[in-house]
Amino acid sequence: MEKQALPASSCSLVLLEESKRNPLLLSNGGGYPPAATNGSLVPLSAAGSGGGVVGGVCAGPDKKGVVTGAESGYQERETWTRQMDFIMSCVGFAVGLGNVWRFPYLCYKNGGGVFLIPYLLIVFVGGIPIFFLEIALGQFMKAGSINVWNIAPLFKGLGYASMVIVFFCNTYYIMVLAWGFYYLIKSFSATLPWSTCDNEWNTPSCIEIFRHQDCNNASLANTTISGNMTCAELANARSPIIEFWENKVLNISSGLGEMGEFNWELLLCLMAVWVMVYFCVWKGVKSTGKIVYFTATFPYVVLIILLVRGVTLPGAYNGIMYYIKPDWSKLQEAQVWIDAGTQIFFSYAIGLGALTALGSYNRFNNDCYKDAFLLAMINSGTSFFAGFVVFSILGFMAAEQGVDISQVAESGPGLAFIAYPMAVSLMPVAPLWAALFFFMLLLLGLDSQFVGVEGFVTGILDVFPGKHHHRYKREISVAICCLLCFIIDLSMVTQGGMYVFQLFDYYSASGMTLLWQAFWECIVVAWVYGADRFMDDVARMIGYRPFPWMKWCWSFITPCVCMGIFLFHLINYKPLTYNNVYVYPWWGEVIGWCLALSSMLCIPISLLYKLFRAKGTFKERWAHLTTPVWGVHHLEYMAPDIKSLTSLSPGTDDNKVIIFESVM
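Residues numbered from 1 in each chain as written. Predicted model: local features only at pLDDT ≥ 70, side-chain atom pairs only at ≥ 80, totals over all residues. Heavy atoms only, no water.

## Notes on the state of the cysteines
Definition in use: The criterion for a disulfide is a pair of cysteine sulfur atoms lying within 2.5 Å. Each residue's exposure class comes from its accessible area (1.4 Å probe, protein chains only) as a fraction of the maximum for that residue type: buried when under 20%, exposed when over 50%, partly exposed otherwise.
For the structure shown, the criterion picks out one disulfide. Between the sulfur atoms of Cys197 and its disulfide partner Cys206 the distance amounts to 1.9 Å. Looking along the S-S bond of the Cys197-Cys206 disulfide, the torsion reads about -70 degrees, which is the left-handed sense. The cysteine Cys562 is free of any disulfide, with Cys522 supplying the nearest cysteine sulfur at 5.6 Å. Owing to a relative accessible area of 0%, Cys562 belongs among the buried residues under this scheme.

## A closer look at helix α7 (residues 240–249)
The condition is simple: Numbering of helices and strands starts at the N terminus; helices are DSSP runs of H or I of at least 4 residues and strands are runs of E of at least 2. Should any heavy atoms of two residues lie within 4.5 Å, those residues are counted as being in contact.
In terms of burial, α7 is a largely internal element, eight of the ten residues being buried. Those residues of α7 not exposed but buried are Pro240, Ile241, Glu243, Phe244, Trp245, Glu246, Lys248 and Val249. The elements touched by buried residues of α7 are α5 (157–187), α8 (264–281), α14 (413–425), α17 (497–508) and β7 (577–578). Positive backbone phi, approximately 45 degrees, marks Asn251, located one or two places after α7.

## Things to note about the nonpolar core
We apply this condition: Residue types Ala, Val, Leu, Ile, Met, Phe, Trp, Tyr and Cys, when buried and joined through side-chain atoms within 4.5 Å, form a set referred to as a nonpolar core.
The biggest cluster of nonpolar side chains holds 200 residues, and the ones touching the most others in it are Trp179, Trp245, Phe417 and Phe534. The leading source of residues in this core is α5, at 20 residues. Sequence-distant contacts of Phe417, that is, excluding residues within four places in its chain, are made with Trp101, Val176, Trp179, Gly180, Tyr183, Ile241, Trp245, Phe438 and Leu441.

## Details of a nonpolar patch on the surface
Short version of the rule: Without a salt bridge and with relative accessible area above 30%, a residue can belong to a patch; like charges are then joined within 9 Å and nonpolar side chains (Val, Leu, Ile, Met, Phe, Trp, Tyr) within 5 Å. For the accessible areas, the method is Shrake-Rupley and the probe is 1.4 Å, while residue cover comes only from the protein chains on display. For this analysis, a salt bridge means a side-chain nitrogen from Lys or Arg found within 4 Å of a carboxyl oxygen belonging to Asp or Glu.
Side chains of Leu268, Met271, Val275 and Phe279 sit close together on the surface and give an oily, nonpolar patch of about 380 Å² of accessible area. Within the secondary structure layout, Phe279 lies in helix α8. Note on Phe279: relative accessible area 45%, which makes it partly exposed.

## A word on the packing of helix α4 (residues 116–141) against helix α18 (residues 511–542)
Two numbers describe a pair of packed helices, the interaxial angle and the distance between the axes. Short version of the rule: Angular values range over 0 to 180 degrees, each being the angle between N-to-C directions of two axes fitted as lines to C-alpha atoms, with helices fitted over their stretch in contact. Any angle between 65 and 115 degrees counts as roughly perpendicular, while under 35 counts as roughly parallel, over 145 as roughly antiparallel, and the rest as oblique. Should the near helix be turned counterclockwise from the far one by less than a right angle, the crossing is left-handed, whereas a clockwise turn marks it as right-handed. Side-chain classes follow a simple rule in which Ala, Val, Leu, Ile, Met, Phe, Trp, Tyr, Cys and Pro form the nonpolar group, Asp, Glu, Lys and Arg form the charged group, and the remainder, Gly included, forms the polar group.
Where α4 contacts α18, the axes come no closer than 10 Å and their chain directions differ by 60 degrees. The angle between the axes of α4 and α18 places the two elements in the oblique class. In the crossing of α4 with α18, the sense of the turn from one axis to the other is left-handed. Touching Ile130, Phe132, Leu133, Glu134, Ala136, Leu137, Gln139 and Phe140 of α4 are Ala518, Glu521, Cys522, Val525, Tyr529, Phe534, Asp537, Val538 and Met541, all from α18. Looking at side-chain class alone, the contact of α4 with α18 contains 13 nonpolar, one polar and three charged residues.

## Focus on the packing of helix α20 (residues 586–600) against helix α21 (residues 602–613)
Two elements in contact, α20 and α21, have axes separated by 5 Å at closest approach and are oriented at 45 degrees. As the angle between them shows, α20 and α21 are arranged oblique. Where α20 approaches α21, its residues Ser598, Ser599 and Met600 are matched on the opposing element by Cys602, Ile603 and Pro604. The residue makeup of the contact of α20 with α21, split by class, is four nonpolar, two polar and no charged.

## Overview of helix α9 (residues 285–311)
Residues separated by three or four positions in an α-helix point in the same direction, a consequence of the helix having 3.6 residues per turn. Convention followed: What a helix is expected to span follows from its residue count: subtract one and scale by 1.5 Å. A residue's bend is simply the angle between two axes: one fitted to the seven residues ending at it, one to the seven starting at it.
Over its 27 residues, α9 extends 39 Å from the first C-alpha to the last, a length consistent with the 39 Å expected when each residue adds 1.5 Å. Ile291 marks the point of greatest bend in α9, at about 35 degrees.

## Observations concerning unusual backbone geometry
A positive phi angle, near 55 degrees, is found at Lys142, a position not held by glycine. Here Lys142 is to be found in the loop between α4 and α5. The class for Lys142 is buried, based on a relative accessible area of 16%. In this model, Ala349 sits at a positive phi of 55 degrees, which is unusual for a non-glycine residue. Looking at the element boundaries, Ala349 is found in the loop between α11 (334–347) and α12 (354–360).

## Comments concerning the side chain of Ser508
Inspection of the secondary structure puts Ser508 in helix α17. Excluding residues within four positions of it along the chain, Ser508 makes contact with Ile165, Phe168, Tyr172, Leu503, Thr513 and Leu595.

## Details of the packing of aromatic side chains
Which entries qualify depends on this criterion: Note on aromatic contacts: the rings of Phe and Tyr and the six-membered ring of Trp form a pair at centre separations within 6.5 Å, being stacked when their planes are under 30 degrees apart, edge-to-face when over 60 apart, and tilted otherwise.
Within this structure, the stated rule accounts for 65 aromatic pairs. Centroid distance Phe140 to Phe364: 6.2 Å. Interplanar angle 40 degrees. Geometry classified as tilted. Placement of the pair is Phe140 in helix α4 and Phe364 in the loop between α12 and α13 (368–401), with a sequence separation of 224 residues.

## Considering the pattern of salt bridges
If charged atoms from side chains of opposite charge come close, those side chains can pair. Counted under the stated rule, the structure contains nine salt bridges. Across the salt bridge formed by Lys370 and Asp367, the nearest N and O atoms sit 4.0 Å from each other. Owing to a relative accessible area of 18%, Asp367 belongs among the buried residues under this scheme. Linking Asp532 and Arg545 is a salt bridge whose minimum nitrogen-to-oxygen distance equals 3.9 Å. With a gap of 13 residues between them, Asp532 in helix α18 and Arg545 in the loop between α18 and α19 (549–571) connect regions that are remote in the sequence. Residue classification places Asp532 among the partly exposed positions, given a relative accessible area of 43%.

## Section: the confidence of the model for the chain
Inclusion rule: The quantity called pLDDT is the predictor's confidence in a given residue, expressed from 0 to 100.
Chain-level pLDDT for the chain is 80 on average; 79% of the residues reach the 70-or-more range. Low confidence marks residues 1–63, where pLDDT is under 50. Its contacts with residues over four positions away, or in another chain, come to 195 contacts. Predicted confidence for residues 640–664 stays below pLDDT 50, and this span has 89 contacts to residues more than four positions away or in other chains.

## Considering the environment of Tyr348
Tracing the backbone through its elements, the reader meets Tyr348 in the loop between α11 and α12. Linking Tyr348 and Val123, residues 225 residues apart in sequence, is a C-alpha distance of 9.5 Å. Setting aside residues up to four positions removed in sequence, Tyr348 forms contacts with Ala94, Tyr119, Val123, Gly127, Ile128, Phe131, Leu355, Ala376, Asn379 and Ser380.

This is the structure in structure tokens:
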């Protein structure tokens, strides 16, 4: 798109030389002079801490904003080598384990093919609008999850909240990769260790073949059916895969209060995965963009191989029909709609700030509108396709064991580390299929993990002023982030680690925190900054205005959907349990709510702090604190005469204040 020169009459662009001692130049949230009217110039400081000098406002009937100039040492933001790098990174991040282990289960549980009706409806009223909003916001502001809210500095707490959420996600999500890596290593053996009962971790209750169909007659309760077990004893028997998972991998303790000792094998796996993540992220998007070509595409190759293998197994047809058979009565249940909404927010990775970070590395005039629809189709299509893979295998396992598919259908870690390993152990050449599955699992999680770390590090680095640039600043920042997360993860490789993992999973990045985040994102962009105004900004980037449906969703529909599902979760809150048996102690729930509130409270606390710290009437405070802070790149696309600016020398000790009003 051609860069359009704006008429000089549309706004003043003035360069003022001001001393730092000028009392009118105050920090955001501090005192400031009364608002000017009709285009008069009022010196103000930049509200953000990005990499710029202080700026000013050209107030008037049109849009106004503070522009941050470039200090000495300011580095231009890097961009993707090619646009496909961005697409692949978004696919790698958003398409993850939830698409494979959560969506298929929800689809079967909530009426099969009928579940696609609420799912697709909420995709168009909630998923795609916010997905597009986050990418477009990052591309427009050229900043990570914190500085992107310079678009309305009063609500910068949204950035801090997303940083907290993605930090927690980075901390606990990698445990799934550590478990998957552990299983992958154990797959390289002639006999899979979870397929037999003759290992040191097995108990006398372990049994390899159940034959439940032989015990359907209640009169056979004391009849010996399998080995030395009667039907009554068979009811309490445990499969070797469950014992491998609980006794060997987790070596689980009796509760959260009994952390026990470290599992050193798992600790080494965790360390290895963190090293992989570090070397994927440390050089920035130039290297990350190349790695995701493999990590994002190879899982599809494995899924296709597993599907071809799955549909050739006996019982596969029954499993697939169980997955897609419609049950129209389910549409009347509120839980079905809630599950659809929650799944979309999880699988689209909304509210984490990582999509914003990825979008910030786009070219300013990249067509992010088309990208958003393409990525949404890939994400939802992958979820639906993965269901055929999973249920063809589960149908085979149910046929082999002589039980109904509902008894083997699992979601979450139960599918990845119990149901699926058990299914592959029944196949010919079991180690090959096990290795393929866990390699796919590792790649699906790995790209989600390192893009999450990328988003967190990007947000942190954007906060640092340009004068603090260090040659190895990025590498050091990534190392500190990985090390800090690794230290917290040590609590999850103990005997009580699974209880800690569930606390993080249930509270820190739960549906409630993501819905709360998404709700405020829509409110700030649509009602504080202005939906029409942002639509104009998007048009300036991509060359045309998106369909008005986006504006309507941001303003009305999506906030209502988010708040409705949020309130449903809150009203139907149930205390956390493990395996529906162990109930967490009260202090465990307190820790969980602290994790949840640590992100949710960032928004109101930051807002109140800035308002109370400011001076003037409430109207003056609001006007000042909601004035956007434009970045250097906005001058290139918005200024009447950019060439006059490029000839200016970088700022020195005396601040050069650029006063500029957006006419976007």
